[in-house]
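Chain by chain, the residues:
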Amino acid sequence: AKGKGQSQAKVNISAALVEDIINLEETSEEMQAVIEALKEDFSRNLNVRTSPGALDHITVVTKDGKFPLNQLGQISQKSPQLLTVNMTSFPESTAAAAKAIRESGMNLNPEVDGTVIRVPVPKVTREHRESLAKLAKQSTNKSKEALRRVRSKSITQVKKSKNKVSEDTIWLLEKQIQQMADEAAAEMDKLLAAKTKELLG
């Protein structure tokens, strides 16, 4: 029945009329962007294993500006329990880099040894996995809030055309936007379920 309703909606609303009211393509892109940002957050910040790549994007604030850690130091993995960052090329930024690692929210406690920063990788405890799973849920909830903002903004925009078009048109458009938001939220739930399974093993 769902398909039938949809094709009917398209018949009732001419594309030109819709474009005059709202750009649904844009709404869809904005919703997609929220999903992509969540995926990015999951892959970058919520990993059980700390790999050299996990430190790449930590932003280091130096007197010359902000730089990703991998542009200032050479990151390597000495053992599963130890990463090192060799700061020989930019020794003056060693302290700033260590501070950035410590404040990255990744539960790391770097030790500076000359121009080398040693980063012991904490053993993965059940607790740590559970706290990551909690963070994943928080991130998903934040993304859903962002999604709701996109939906509300679009529906507000549609309502502005109340005096230009029929109530049916408004209703159909609102329904379409709601459906897009529901689909995006369902995709987020799937991402969260997969991530939680990966984290809790």
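An unreviewed UniProt entry lists the protein chain under the name Ribosome-recycling factor, mitochondrial, with Rhodinocichla rosea given as the organism. Listed in UniProt under the heading Sequence similarities (unreviewed entry), the comment for the protein chain reads: "Belongs to the RRF family." If you open the UniProt record of the protein chain and go to Subcellular location (unreviewed entry), you find "Mitochondrion".

A. Spatial organisation of the overall build of the protein chain. From N to C terminus, the protein chain includes eight helices and six strands. A separation threshold of at least 6 residues defines the contact pool for the protein chain, and within that pool the share at least 24 residues apart is 65%. Surface accessibility of the protein chain: about 12300 Å² in total, with carbon and sulfur atoms responsible for 51%.

B. Quick look at the packing of helix α7 (residues 126-159) against helix α8 (residues 167-200). Running from amino to carboxyl end, α7 crosses α8 at an angle of 170°, the nearest separation of the two axes being 10 Å. It follows that α7 is roughly antiparallel to α8 by the angle criterion. For the contact of α7 with α8, the per-class residue count stands at 16 nonpolar, five polar and eleven charged.

C. The arrangement of the pairing of strand β3 (residues 74-79) in detail. Alignment of β3 against strand β4 (residues 82-86), held across five bridges, turns out to be antiparallel. Its bridge partner lying in β4, Ser76 is registered against Thr84. Between β3 and β4, which pair antiparallel and follow one another directly, the connecting turn spans two residues.

D. Inspection of the nonpolar core at higher detail. Residues Ile22, Leu24, Met31, Val158, Leu173 and Ile177 are the most contacted members of the largest nonpolar core, which totals 29 residues. Of all the secondary-structure elements, those providing two or more residues to this core are α2 (15-21), α3 (24-45), α7 and α8. It is α8 that contributes the most residues to this core, ten residues altogether. Leave out the neighbours within four places in its chain, and Ile177 touches Ile22, Leu24, Met31, Arg151, Ser154, Ile155 and Val158. Counting residues in hydrophobic clusters, the runner-up holds 19 residues, among them Leu55, Leu72, Met106 and Val121.

E. Representation of the pattern of salt bridges in the model. Taken as a whole and assessed by the stated rule, the structure comprises eight salt bridges. Between Glu30 and Lys153 there is a salt bridge; the shortest N-O distance is 2.9 Å. One end of the pair, Glu30, is in helix α3; the other, Lys153, is in helix α7, and 123 residues separate them in sequence. The salt bridge partner of Glu198 is Lys195, with a shortest N-O separation of 3.2 Å. Taken together, the positions of Glu198 and Lys195, both in helix α8 and three residues apart, correspond to about one turn of that helix.

Parameters and conventions
Residues numbered from 1 in each chain as written. Predicted model: local features only at pLDDT ≥ 70, side-chain atom pairs only at ≥ 80, totals over all residues. Heavy atoms only, no water. UniProt positions renumbered as here; feature names shortened; annotations may be inferred. Helix = DSSP H or I, 4+ residues; strand = E, 2+ residues; numbered from the N terminus. Contact = heavy atoms within 4.5 Å. Areas by Shrake-Rupley, 256 points an atom, 1.4 Å probe, with all protein chains shown as cover. Axes fitted to C-alpha atoms, helices over the stretch in contact; angles between N-to-C directions. Parallel < 35°, antiparallel > 145°, perpendicular 65-115°, else oblique. Nonpolar A, V, L, I, M, F, W, Y, C, P; charged D, E, K, R; others polar. Pairing = 2+ DSSP bridges. Core = buried A, V, L, I, M, F, W, Y, C linked by side-chain atoms within 4.5 Å. Buried < 20%, exposed > 50% of the residue type's maximum accessible area, 1.4 Å probe, protein only. Salt bridge = Lys/Arg side-chain N within 4 Å of Asp/Glu carboxyl O.

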